[in-house]
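Residue-level structure breakdown
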Amino acid sequence: MRRFVVVAQKARASADFLLVDIPSTSGRLDVLLRCLRAALLVSHGVRRDTVVYLVLLGDPGRPVTLRIEGSASRYLRPDERSLATVIKKALALPPATGSVTPTFSPVRAGITIAEGGIETLEDELAGSKVYLLDEAGEDLREHLPSAEDVTFFLGDHIGLDPHALTCIHAFAPHALRVGPLSLHSEDVITLVHNELDRRIG
Ligand SMILES: C[S@@+](CC[C@H](N)C(=O)[O-])C[C@H]1O[C@@H](n2cnc3c(N)ncnc32)[C@H](O)[C@@H]1O
């Protein structure tokens, strides 16, 4: 299993954004949508072995985490507007349990939602080997993960603030870089997948 946790400093857990102007009405949800595409979609297919967590911290009083599973997702198309529609519907629907709770509750096929931020993932990531994607980390090519279940944390366009880093460090991650430059989050995900794909052959 490959897991990507994208920590969004500004994106809010609200469906109240405009599909015609996602960046400026959603707290840069567009960054997360591109991460979702990079993590879950390949040409004409879905990576069934991958799970994406979108940690929405844009409303400090109400952090929420969305989990999107490649194995169960339906109707995922690669264009940003379609993905935005899927996320908008997920954020608009109350979960099956009635309200957002600290444990993941289903909202639609392949998508679950939980109240809370990074700390919500403690049970989820038990047993997974955790990495922090960081420009200052060690070279991914020299420390290619070999575990069956791996988790990669990364930031959005802003990066990870000290509080987010403190929460991530509770998982004792190994910091890795994909290359010498600071890249867009979605490109980092593509490069990580590619290195793992090449190892598998
Ligand atoms: C656009 S970058 C954030 C840039 C932000 N200005 C900063 O200084 O943190 C988004 C995220 O991608 C990851 N990232 C970017 N370049 C990377 C690299 N070369 N290796 C590993 N991770 C990288 C980091 O997790 C980063 O938080």
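Just so you know, these numbers come straight off a predicted model, no measurement behind them. (Residues numbered from 1 in each chain as written. Predicted model: local features only at pLDDT ≥ 70, side-chain atom pairs only at ≥ 80, totals over all residues. Heavy atoms only, no water.)

In terms of regular secondary structure, the chain is built from 5 helices and 10 strands. Scaling as 2.2 N^0.38, a compact globule of 201 residues should have a C-alpha radius of gyration of about 17 Å, and the chain matches this with 16 Å. Projected onto the principal axes, the alpha-carbon positions of the chain cover approximately 45 × 40 × 30 Å. Each of the 201 residues in the chain was classed as buried or not, and the buried ones make up 50%. Restricting to contacts in the chain with at least 6 residues of sequence separation, those with at least 24 account for 67%. Total accessible area on the chain stands at roughly 9,600 Å², and carbon and sulfur atoms take up 52% of it. Side chains of the chain give 22 positive and 26 negative charges; the mean places of these two sets differ by 7 Å. (Helix = DSSP H or I, 4+ residues; strand = E, 2+ residues; numbered from the N terminus. Rg over C-alpha atoms; globule rule 2.2 N^0.38 Å. Buried < 20%, exposed > 50% of the residue type's maximum accessible area, 1.4 Å probe, protein only. Contact = heavy atoms within 4.5 Å. Areas by Shrake-Rupley, 256 points an atom, 1.4 Å probe, with all protein chains shown as cover. Lys, Arg positive; Asp, Glu negative; His and termini not counted. Charge placed at Lys NZ, Arg CZ, Asp CG, Glu CD.)

Taken as a whole, this structure holds 11 salt bridges when the rule is applied. Between R34 and E186 there is a salt bridge whose closest N-O contact spans 3.0 Å. You can see R34 sitting in helix α2 (residues 29-40) and its partner E186 sitting in helix α5 (residues 185-200), a full 152 residues away along the chain. The partner of E69 in a salt bridge is R67, and the shortest N-O contact between them spans 3.8 Å. Given a relative accessible area of 15%, R67 falls into the buried group. (Salt bridge = Lys/Arg side-chain N within 4 Å of Asp/Glu carboxyl O.)

A few words on empty space enclosed by the protein. According to the stated counting rule, one finds 1 cavity of 30 Å³ or more in the structure shown. Lining the largest cavity, in full, are R12, S14, D16, F17, T25 and S26. Counted by class, the lining of the largest cavity contains 1 nonpolar, 3 polar and 2 charged residues. (1 Å grid on protein atoms, 1.4 Å probe; cavity = no way out; pocket = protein on both sides within 12 Å on 5 of 7 lines; lining within 4 Å. Points joined across faces, edges and corners; volume = space filled by probe spheres on them. Nonpolar A, V, L, I, M, F, W, Y, C, P; charged D, E, K, R; others polar.)

One open sheet accounts for 8 strands, arranged β6-β7-β5-β4-β1-β9-β8-β10; its pairing is mixed. Either end of the sheet is taken by a strand with one partner, and the two such strands are β6 (105-108) and β10 (174-177). Taken over all neighbouring pairs, the strand axes of this sheet differ in orientation by 30° on average, direction set aside. Here β6 pairs with strand β7 (residues 111-115) via 3 bridges, running antiparallel. Counterpart to R108 in the pairing with β7 is I111. On top of the sheet, helix α3 (residues 80-92) reaches β4 (50-56), β5 (64-69), β6 and β7; it is set at about 130° to β6, its chief contact. Running over the sheet, helix α4 (residues 162-169) touches β1 (2-8), β8 (129-139) and β9 (150-155) and is turned about 130° from β8. (Pairing = 2+ DSSP bridges. Axes fitted to C-alpha atoms, helices over the stretch in contact; angles between N-to-C directions.)

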